[in-house]
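A look at the structure
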Amino acid sequence: MIGFIDSGVGGLCLMSKCNKLFNEDFVFLCDNKNAPYGNKNVEKLYHITEQNINYLIKHYKITACVIACNTLSYTIGEKLQRKFQIPIILTKMPNEFIKKCKKEILFFGTKNTIKKMQEKYNDYQTLYIKDLPKKIDENLNNLNILEKLLKKYLNDKKYKNVNSIVLCCTHFTCISHIIKKIKTNAVIYDYTDILAKQIASNIQSKASSSFHIVLTDYYYPKYVELKAFYRQLLVDKT
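Here the residue numbering is sequential within each chain, running from 1 through the sequence in written order. Thresholds applied to this predicted model are a pLDDT of at least 70 for local features of residues and 80 or more for the giving and counting of side-chain atom pairs; totals over whole chains, interfaces and linings are not thresholded and use all residues. Based on all heavy atoms of the structure, the side-chain values leave hydrogens and waters out of the count.

Side note on unusual backbone geometry
Rules: Note on conventions: DSSP H or I runs of at least 4 residues are helices, E runs of at least 2 residues are strands, and numbering of each starts at the N terminus.
With an omega dihedral of -5°, the bond running from Ala35 to Pro36 counts as a cis peptide bond. By the element assignment, Pro36 lies in the loop between β2 (25-30) and α2 (42-60). Positive phi is not limited to glycine here, since Lys61 has a value of about 55°. Secondary-structure assignment places Lys61 in the loop between α2 and β3 (64-67).

Structure, rendered in structure tokens:
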């Protein structure tokens with residue numbers, strides 16, 4: 001069984017891409033109790049993620065864990081890899097991925113992730129919209145409602161010449177179609193597509209698959225909504 005951890009639907013998006021490529025038993029731990037991750041300090045993030053991984057190991061016997069969150073991957077990912085004996089797979093974009101992008105690049109992510117991207121790639125533009133992952137989680141049934149907010153930022157004149165937008169948050173996979181609608185001339189780069197294929201290349205597909213969703217703050221209607229959203233992701237072509 002493979003575990004996936006995120007604060008919300010971004011992890012479901014990555015898990016669904018893996019589920020489309022190979023059969024396995026999947027479990028997604030949605031840490032809605034501690035959402036959002038993007039503005040929390042590193043010590044807090046490590047403490048809660050360590051607990052969440054241990055929970056999945058104990059209760060679901062996972063053999064690998066995907067940190068399906070760019071914030072966690074960039075801030076505490078390597079520390080988690082040193083801590084656990086099972087493989088800890090991170091959503092971190094390698095330099096080779098960035099080099100494939102066109103010159104006028106915009107990194108679009110959470111506060112913590114953008115800070116890391118600025119340290120590593122200070123020649124490129126960045127964008128952070130406060131609480132955007134949370135807004136995505138809250139509007140699963142009507143994501144288009146976020147178009148007005150996205151237009152406000154993406155149509156800023158300082159992003160006029162942007163021709164590549166790198167999604168630095170797995171949540172943003174859910175709104176990539178809206179981003180493309182606003183920035184029609186930009187290429188959208190989503191590393192989760194490549195990561196899912198990399199994971200698939202190291203897995204021997206089973207005859208069938210199953211999925212489980214675990215919430216850290218259990219709220220039944222939200223659980224039902226997440227299950228429905230995941231099933232829809234599995235039938236979507238993209």
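Brief notes about the pairing of strand β5 (residues 105-109)
What counts, and what does not: Here the term buried applies to any residue with accessible area under 20% of the maximum for its type, exposed to any over 50%, and partly exposed to those in between, with areas from a 1.4 Å probe on protein chains only. Two strands are counted as paired when DSSP detects at least two bridges linking them. A crossover counts as right-handed when, viewed with the strands pointing away from the observer, the path leading from the first strand over the helix to the second turns clockwise.
Of all the five residues making up β5, five are buried; the element is thus mostly covered by neighbouring parts of the structure. What you see with β5 is no split at all: Ile105, Phe107 and Gly109 on one side and Leu106 and Phe108 on the other are buried throughout. One ladder, built from five bridges, connects β5 with strand β7 (residues 164-168); its direction is parallel. Across the sheet, the residue bridging to Ile105 is Ser164, located in β7. Of the pairings in the sheet, the one linking β5 to strand β6 (residues 125-128) comprises four bridges and is parallel in character. Across the sheet, Phe107 pairs through a bridge with Thr126, a residue of β6. A crossover connection joins β5 to the parallel β6 through helix α5 (residues 111-120); in handedness this β-α-β unit is right-handed.

Looking at the side chain of Asp190
Heads up, the rule is: Any pair of N or O atoms that falls within 3.5 Å is considered a polar contact. Within protein, one atom must be able to donate a hydrogen and the other to accept it, and sequence-neighbouring residues count only if both atoms are side-chain atoms. By definition, residues are in contact when any of their heavy atoms lie within 4.5 Å.
Relative to the helices and strands, Asp190 resides in strand β8 (residues 187-190). Taking the relative accessible area as the measure of exposure, Asp190 reaches 11% and is therefore buried. At 3.2 Å, the side chain of Asp190 and the side chain of Lys17 are in polar contact. A polar contact of 2.7 Å, which involves the side chain of Asp190, links it to the side chain of Thr173. The contact partners of Asp190, leaving out residues within four places of it in the chain, are Lys17, Phe97, Leu167 and Thr173.

Everything listed here is a matter of geometry and, on its own, says nothing about what the molecule does.
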